Amino acid sequence: LPTSCFIENGKYIVLTTQWGSVSKVITVSTEDGSVSPVNANLVFGESDDNRKENASQGLVCLTDDNEGLILSQVEPNKPAVLGYVTVKDLLESGNSCSAQLLASLSPIAASSHSDVFTEEEKNGDDENMSYEVLTMNPPHGNANIPVQCILLLPS
């Protein structure tokens, strides 16, 4: 469990879990064990319910006074957003409420690769590897920005 996950004086635990094929924030009652998904609307300026269902949400943290939740939301082809929900609004609405936009994060790209060298090869030169820099436009979505990647190839 997160270090700070209790709200309403310990009546509920708030955490992130897999819910179907996406991550969702849930509340768990410490009184009866009931589990409820948090349906915080972080789709700002749009009312597409299908998008909201396909989005993954996660609990970033509780506020210092445990009166608010900071949530993140990621969904296909959209940059991540951060939102704020008060515990009062969440519980009064039956776990379905709107959130205040805190930040819309910039799209980023990240990649990784496993170590492809043996210990002996690490100490020598890198003649057994070559690379190609590829630049392409994604064939899907609305992005018209070229994407670059580095392809490592064994020689």
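Here, every reference points to the structure presented above.
Residues numbered from 1 in each chain as written. Predicted model: local features only at pLDDT ≥ 70, side-chain atom pairs only at ≥ 80, totals over all residues. Heavy atoms only, no water.

A.B. asks: Honestly, the sheet that holds strand 3 (residues 22–29) in this entry has me stumped. Any pointers?
C.D. replies: Strand pairing in a sheet relies on backbone hydrogen bonds. The paired strands run either parallel or antiparallel. An order of 1-2-3-4 is seen for the four strands of this open sheet, with the pairing classed as antiparallel. Strands with a single pairing partner mark the edges of an open sheet, and in this sheet they are strand 1 (6–7) and strand 4 (35–37). Bridge count for strand 2 (residues 12–19) against strand 3 is eight bridges, and the pairing is antiparallel. Counterpart to Gln18 in the pairing with strand 3 is Ser23. (Pairing = 2+ DSSP bridges. Helix = DSSP H or I, 4+ residues; strand = E, 2+ residues; numbered from the N terminus.)

A.B. asks: Could you clarify how one ought to interpret the nonpolar core in this entry?
C.D. replies: Generally speaking, nonpolar side chains in soluble globular proteins are found buried as a group. Core analysis: the biggest nonpolar cluster contains 16 residues, and Val14, Val25, Leu59, Leu69, Leu71, Val85 and Leu90 have the highest contact counts within it. Listing elements by their share of this core, those giving two or more residues are strand 6 (56–62), strand 7 (68–75), strand 8 (78–86) and helix 2 (87–92). Counting five residues, the second largest nonpolar core, distinct from the first, contains Cys5, Ile13, Ile26 and Val28. (Core = buried A, V, L, I, M, F, W, Y, C linked by side-chain atoms within 4.5 Å. Buried < 20%, exposed > 50% of the residue type's maximum accessible area, 1.4 Å probe, protein only.)

A.B. asks: Explain the sheet that holds strand 7 to me, please; I cannot follow it from the model alone.
C.D. replies: Read across the sheet, four strands follow the order 6-7-8-10 without closing on themselves; strand pairing throughout is antiparallel. Taken across any chain shown, the strands that pair with only one partner, and hence form the sheet edges, are strand 6 and strand 10 (100–104). The mean inter-strand angle of the sheet, taken between neighbouring strand axes irrespective of direction, is 25°. As paired strands, strand 6 and strand 7 are joined by six bridges and run antiparallel to one another. Looking at strand 7, one finds that Gly58 is bridged to Ser72. (Axes fitted to C-alpha atoms, helices over the stretch in contact; angles between N-to-C directions.)

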